[in-house]
Amino acid sequence: MRYYSRHDAYRNWLGYEYPMVKLLMILNFGMYVLQWAFAFMDISLIHEHLVLSPRVWDGEIWQIGTYMFLHSIQDPFHIIFNMLALWMFGKELERVWGSREFLKYYLICGIGAGITFLFFSSGSVVGASGAVFGILLAFGMTFPDQIILMSFIFPVKAKYMVIFYGVITFFNIAKPDGGNVAHLAHLGGMVFGFFYIKREWFVAKRMPRPKPIEPKMSIRPVQTVDRQKELNERVDTILDKINDVGYDNLTAEEKAILLQASDRLSKKDRPDS
């Protein structure tokens, strides 16, 4: 029996069971404070070189990874809701997948969201929303029947929550004025996450199916010579020898063959009981 102590409560609160989620949250909040400091000092380093922008095509490829750790300083709810979703859904995935696999998935979704945005938009974007939308998708696929309070009010199953957010994001892309929200990045994060989770299924579909192996039957070789016919021929030869030289001149083998033949004949003529 395991006793739950105050020490265990502190460990869980500090995130010992989900250290990668904790580390990602620290990095995001730390960069947010740094953004405020740079803005206060009127330093444009972060805004010019770390956000995801067309500068990527000029060689600043690191932006594809740095942008997801930055958030809008004009809208504090941007980072609050992203980190809240990361903590609520990410910690459960990390417990199941492990820290390394969770980090790999998070980065793939974030980078995939950035790539999607770059190919379909000419602006700039910041935020972990693409990676977080990938986390929402993974949670819905891993725990489809888990009840979630969407908007902290409506209880729905996780799989329906994912479908709802996916549909809303898709229709927001089609709006003439989507505001400052990078819906393309959100959808890209979900799409890349889906393909990553289902990668083994897609690989199996592309590979040719092996032909079914037919069971091998053990078949005894057919004897070309009828043993009974051979025995009869041997008996005829021995009888001819008896007529010529007498029974006493037979060999022991020939006498044994005659005895075997007589036993078979006697069994064959015996009536069934």
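Scroll up to find the structure this text is about.
All values derive from a computational prediction rather than experimental measurement.

Caption draft 1: Fine view of the side chain of H78. If you trace the backbone, H78 turns up in helix 5 (residues 76–97). What makes H78 buried here is its relative accessible area of 18%. When near neighbours in sequence (up to four residues on either side) are disregarded, H78 contacts H71, S72, V126, G127 and S129.

Caption draft 2: Region of the structure containing the pattern of salt bridges. If you walk through the whole model with that rule in mind, you get five salt bridges. Among the ionic pairs, R55 bridges to E60, the shortest N-O distance being 3.7 Å. With a relative accessible area of 34%, R55 lands in the partly exposed category. The exposure class of E60 is buried, given its relative accessible area of 12%. Bridged by salt links that share partners, the residues D145, K157 and K159 form one connected network.

Caption draft 3: Quick look at the pairing of strand 1 (residues 147–150). Burial along strand 1 is one-sided: I148 and M150 are buried, and none of I147 and L149, which face the opposite way, are. Relative to strand 2 (residues 154–157), strand 1 is paired through four bridges, and the arrangement is antiparallel. What sits directly across from I148, in strand 2, is V156.

Caption draft 4: Looking closely at the packing of helix 2 (residues 19–40) against helix 5. Across the interface, helix 2 lies against helix 5 with an axial gap of 9 Å and an inter-helix angle of 170°. Considering the angle they form, helix 2 stands roughly antiparallel to helix 5. For the pair formed by helix 2 and helix 5, the contact residues are P19, M20, V21, L24, M25, N28, F29 and Y32 on the first element and P76, I79, M83, L86, W87, G90, K91 and E94 on the second. For the contact of helix 2 with helix 5, the class distribution of residues is 12 nonpolar, two polar and two charged.

Caption draft 5: Region of the structure containing helix 5. Across its 22 residues, helix 5 extends 30 Å between first and last C-alpha, which sits within 8% of the 32 Å expected from 1.5 Å per residue. Along helix 5, the helix axis deviates most sharply at G90, where the bend reaches about 35°. Those residues of helix 5 not exposed but buried are H78, I79, N82, M83, A85, L86, F89, G90, K91, L93 and E94. Looking one or two residues past helix 5, G98 carries a phi angle of roughly 100°, positive in sign.

Caption draft 6: The arrangement of unusual backbone geometry in detail. Backbone geometry at D42 places phi at a positive 60°, although glycine is not the residue there. Mapped onto the secondary structure, D42 falls in the loop between helix 2 and helix 3 (45–49). D42 sits in the exposed class, given a relative accessible area of 71%.

Caption draft 7: Just helix 7 (residues 129–142), in detail. Between its terminal C-alpha atoms helix 7 stretches 20 Å, which fits the 20 Å expected from 14 residues at 1.5 Å a residue. Judged by how many residues are buried, helix 7 sits mostly within the fold: 12 of 14 residues are covered. When we look at burial in helix 7, the residues that qualify are S129, G130, A131, V132, F133, G134, I135, L136, L137, A138, F139 and G140.

Caption draft 8: Expanded view of a negative patch on the surface. Taken together, the side chains of E230, E233, D236, D240 and D244 define an acidic patch exposed on the protein surface. Residue position: D244 is located in helix 11 (residues 227–245). Residue classification places D244 among the exposed residues on the basis of a relative accessible area of 64%.

Caption draft 9: Molecular detail of a nonpolar patch on the surface. On the surface, a nonpolar cluster with roughly 1000 Å² of combined accessible area is contributed by W57, L107, I111, I115, F119, F120, M141, V191, F192, F194 and F195. Those elements that place two or more of their residues in the nonpolar patch are helix 6 (99–120) and helix 9 (183–197). Ranked by the residues each element gives to the nonpolar patch, the list is headed by helix 6, at five residues. Following the sequence through the fold, I111 ends up in helix 6. Relative accessible area serves as the criterion here: at 32%, I111 is assigned to the partly exposed category.

Caption draft 10: Focus on the packing of aromatic side chains. Tallied over the entire structure, the rule returns 10 aromatic pairs. Ring centres 5.8 Å apart and planes at 75° place the aromatic pair W57 and F119 in the edge-to-face group. Taken together, the residues W57 in the loop between helix 3 and helix 4 (63–66) and F119 in helix 6 connect sequence positions 62 residues apart. We classify F119 as exposed; its relative accessible area is 59%. Seen from their ring centres, F194 and F195 are 6.0 Å apart, and the 85° between their planes marks the pair as edge-to-face. Looking at K91, its charged tip hangs above the ring of W87, at a distance of 3.7 Å from the centre. In this arrangement the basic side chain of R199 is found over the ring face of Y196, its NZ or CZ atom lying 4.1 Å from the centre.

Criteria and thresholds
Residues numbered from 1 in each chain as written. Predicted model: local features only at pLDDT ≥ 70, side-chain atom pairs only at ≥ 80, totals over all residues. Heavy atoms only, no water. Helix = DSSP H or I, 4+ residues; strand = E, 2+ residues; numbered from the N terminus. Buried < 20%, exposed > 50% of the residue type's maximum accessible area, 1.4 Å probe, protein only. Contact = heavy atoms within 4.5 Å. Salt bridge = Lys/Arg side-chain N within 4 Å of Asp/Glu carboxyl O. Pairing = 2+ DSSP bridges. Axes fitted to C-alpha atoms, helices over the stretch in contact; angles between N-to-C directions. Parallel < 35°, antiparallel > 145°, perpendicular 65-115°, else oblique. Nonpolar A, V, L, I, M, F, W, Y, C, P; charged D, E, K, R; others polar. Expected span 1.5 Å × (residues − 1). Bend = angle between axes of the 7 residues up to and from the residue. Patch = residues over 30% accessible without salt bridge, like charges linked within 9 Å, V, L, I, M, F, W, Y side chains within 5 Å. Areas by Shrake-Rupley, 256 points an atom, 1.4 Å probe, with all protein chains shown as cover. Lys, Arg positive; Asp, Glu negative; His and termini not counted. Charge placed at Lys NZ, Arg CZ, Asp CG, Glu CD. Phe/Tyr/Trp six-rings, centres within 6.5 Å; stacked < 30°, edge-to-face > 60°. Lys NZ or Arg CZ within 6 Å of the ring centre and 35° of its normal.

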